[in-house]
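Coordinates in review
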Amino acid sequence: MDLGTILTLLGVAVGAGVAGGILAGLLGVGGGIVIVPALYFALSLTGMEPGLTMQLAVGTSLATIVFTSVSSAWGHHKKGAIDGALLRLWAPSILVGVVLGSFTGGLIDGRIMIAVFALVAAAVAADMVLRGRNGEITPKGFSKPAWAGFGVFAGTVSSMMGIGGGTVCVPLLNFLGYDIRRAVGTSAAIGFVIGLPGAIIYMLTGLGTEGLPPFSVGYVNLVAVAVIIPLTTSFAGVGVRLAHAIPQRALRLSFGLFLALTSGRMLWDLAGAMGVA
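Residues numbered from 1 in each chain as written. Predicted model: local features only at pLDDT ≥ 70, side-chain atom pairs only at ≥ 80, totals over all residues. Heavy atoms only, no water.

1. Here we look at the overall build of the chain
Which entries qualify depends on this criterion: Secondary structure elements are defined from DSSP: runs of H or I of at least 4 residues count as helices, runs of E of at least 2 residues count as strands, and each element is numbered from the N terminus. Contacts: residue pairs with any heavy atoms within 4.5 Å of one another. Accessible areas in this description were obtained via Shrake-Rupley with a 1.4 Å probe; residue shielding takes into account the shown protein chains only. As used throughout, the charge tally considers Lys and Arg to be positive and Asp and Glu to be negative, leaving His and the chain termini uncounted. A single reference atom marks each charge: NZ on Lys, CZ on Arg, CG on Asp, CD on Glu.
A count of helical and extended segments in the chain gives 10 helices and two strands. Its helices and strands taken in sequence order, the chain reads α-α-α-α-α-α-α-α-β-β-α-α from the N to the C terminus. Counting only C-alpha atoms and orienting by the principal axes, one finds that the chain spans roughly 55 × 35 × 35 Å. Here the analysis covers contacts within the chain between residues at least 6 apart in sequence; of these, 83% occur between residues at least 24 apart. Of the roughly 10900 Å² of accessible surface on the chain, a fraction of 72% belongs to carbon and sulfur atoms. A gap of 16 Å separates the mean positions of the 14 positive and 9 negative side-chain charges of the chain.

Right, dumping it as structure tokens:
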């Protein structure tokens, strides 16, 4: 890579770190919903194959989420916005989903991962923007097997998308009757359960892959991780304060609109990679 490309990558990493940290605290998303597309588009400047670029962006994002989720979850914990009982109920099944999704994401064509990322983001955006609340904030009752199924689904999709779980878990918990702020706080803690095993698996499945940039361990680039982590952990606190200061409807709309924009851009890029656009 030439100097200009390296500087561009560093600049994108800085921007992604700041934006990802704020959104991690604000929306409980771990920051990956920003970091993955930012790294994807920046790495595409190096001429890497699109599928390989996506795998590297996802693996690197999961590594940063390990630290971002801790910072974000601590802020929400201090405000009493984490449901410990739900976390204990859901964590084991989410972990199973993470293992399945991470191995799948590390081995399949990266273009499939782009499609998964874009389509899930679009569906979640539509739900968050269009569906109104009926005022009920009492959690709905489901059996433990049902919760396990939700957890496996959330873990699998999140690890394939390189996100901390909030993109799937926040709207799901809100739909099940949880207050949006409590859903955001609990999802922030879930990010650690997704990020740590996911990053390790992407490292292992990517070992020996040719065409990766320097300082990459499998599908995790250590330079990008080193730049992004201090920024996301620092700015997560800003997002936490915003999450507890703005109206809940505004929080839902900000989440949904951001995901809609992200999904549209990723679908456009996928069409270009397949020769449609």
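2. Here's the deal with unusual backbone geometry
Phi is positive for Phe215, close to 65°, though the residue is something other than glycine. By secondary structure assignment, the location of Phe215 is in the loop between α8 (180–206) and β1 (216–217).

3. Points about the UniProt feature "transmembrane region" (unreviewed entry) in the chain
Stated precisely, the cut-off is as follows: UniProt positions are given in the numbering used here, feature names are shortened, and annotations may be inferred rather than shown by experiment.
Under the feature "transmembrane region" (unreviewed entry), the UniProt entry names residues 25–43, 55–75, 87–105, 150–176, 183–204, 216–238 and 250–268. Annotated as residues 55–75, this span is 100% helix and 0% strand, and its ends, taken at the C-alpha atoms, are 30 Å apart. Secondary structure across residues 216–238 divides into 74% helix and 17% strand, with the first and last C-alpha atoms of the span separated by 30 Å.

4. What about the packing of helix α4 (residues 84–107) against helix α6 (residues 144–161)?
Which entries qualify depends on this criterion: Every axis in this analysis is a line fitted to C-alpha atoms, fitted for helices over the stretch in contact. Angles between the N-to-C directions lie between 0 and 180 degrees. Any angle that falls under 35 degrees is termed roughly parallel, while one over 145 is termed roughly antiparallel, one within 65 to 115 roughly perpendicular, and all others oblique. Crossing handedness is read from the near helix: turned anticlockwise from the far helix by less than a right angle, it gives a left-handed crossing, and turned clockwise, a right-handed one.
Between α4 and α6, whose axes approach to 6 Å, the crossing angle comes to 40°. In terms of axis orientation, α4 runs oblique to α6. In the packing of α4 onto α6, the handedness of the crossing is right-handed. Judged by residue contacts, Leu86, Leu89, Trp90, Ser93, Ile94, Val96, Gly97, Val98, Leu100, Gly101, Ser102 and Thr104 of α4 engage Lys144, Trp147, Ala148, Phe150, Gly151, Val152, Gly155, Thr156, Ser159 and Met160 from α6.

5. So, the nonpolar core
Spelled out, the test is: Within this scheme, the nonpolar core is defined by two criteria: the residues are buried Ala, Val, Leu, Ile, Met, Phe, Trp, Tyr or Cys, and they are joined through side-chain atoms within 4.5 Å. When accessible area is computed with a 1.4 Å probe and restricted to protein chains, residues below 20% of their type maximum are described as buried, those above 50% as exposed, and intermediate ones as partly exposed.
In this structure, Met54, Trp90 and Phe117 are the most contacted members of the largest nonpolar core, which totals 69 residues. Among the elements that make up this core, the one with the highest residue count is helix α2 (residues 32–43) (10 residues). What Trp90 contacts, discounting residues up to four positions off in sequence, is Trp147, Phe150, Gly151, Cys169, Leu172, Leu173 and Ile190.

6. Thoughts on helix α3 (residues 50–78)
Where we set the bar: Multiplying 1.5 Å by the helix residue count minus one yields the expected span of that helix. We define the bend at any residue as the angle between the axes fitted to the seven residues before and including it, ending there, and the seven starting there.
A rise of 1.5 Å per residue sets the reference length of α3, with its 29 residues, at 42 Å; its end C-alpha atoms lie 41 Å apart and thus fit the reference within 8%. Its axis deflected by about 35° at Ile65, α3 carries its strongest bend there. Taking burial as the measure, the 29 residues of α3 include 22 buried ones, the bulk of the element. Gly80 sits one or two residues past α3 and shows a positive phi near 70°.

7. A look at α2
Between the first and last C-alpha of α2 there are 15 Å, a value that for 12 residues agrees with the 16 Å anticipated at 1.5 Å per step. With 12 of 12 residues buried, α2 lies mostly within the body of the structure. All of the buried residues along α2 are Gly32, Ile33, Val34, Ile35, Val36, Pro37, Ala38, Leu39, Tyr40, Phe41, Ala42 and Leu43.

8. Focus on the side chain of Asp83
Assignment of secondary structure puts Asp83 in the loop between α3 and α4. Ignoring anything within four residues of it in the chain, the contact list for Asp83 reads Tyr178, Arg182 and Thr186.

9. Description of the packing of α3 against α8
Put simply, the rule is: Note that Gly is not counted as nonpolar here; it falls among the polar residues with everything else outside the nonpolar set of Ala, Val, Leu, Ile, Met, Phe, Trp, Tyr, Cys and Pro and the charged set of Asp, Glu, Lys and Arg.
Close contact between α3 and α8 brings their axes to 7 Å; oriented N to C, the two are set at 145°. The chirality of how α3 crosses α8 is left-handed. Taking contact as the criterion, the partners of Gln55, Val58, Gly59, Leu62, Ala63, Ile65, Val66, Ser69, Val70, Ser72, Ala73 and His76 in α3 are, on α8, Val184, Gly185, Ala188, Ala189, Gly191, Phe192, Ile194, Gly195, Leu196, Gly198, Ala199 and Tyr202. Tallied by class, residues from the contact of α3 with α8 come to 15 nonpolar, nine polar and no charged.

10. A short note on the environment of Val170
Tracing the backbone through its elements, the reader meets Val170 in helix α7 (residues 166–175). Remark: the alpha-carbon pair of Val170 and Phe255, spanning 85 residues in sequence, is separated by 9.7 Å.

11. Focus: the packing of aromatic side chains
The following threshold applies: Ring pairs shown here join Phe, Tyr and Trp side chains whose ring centres sit within 6.5 Å, with only the six-membered ring taken for Trp; geometry is labelled stacked below 30 degrees between planes, edge-to-face above 60, and tilted in between.
Across all of its chains, the model carries two aromatic pairs by this definition. For the ring pair Trp90 and Trp147, a centre distance of 5.4 Å and an interplane angle of 85° mean the geometry is edge-to-face. Taken together, the residues span a long stretch of sequence, with Trp90 in helix α4 and Trp147 in helix α6 at a distance of 57 residues. The pair Trp90 / Trp147 is uniform in exposure class, with both members buried. Judged by centre distance (5.9 Å) and plane angle (85°), the rings of Trp147 and Phe150 are edge-to-face. Here Phe150 and Trp147 lie together in helix α6, a separation of three residues that amounts to about one turn. Given a relative accessible area of 23%, Phe150 falls into the partly exposed group.

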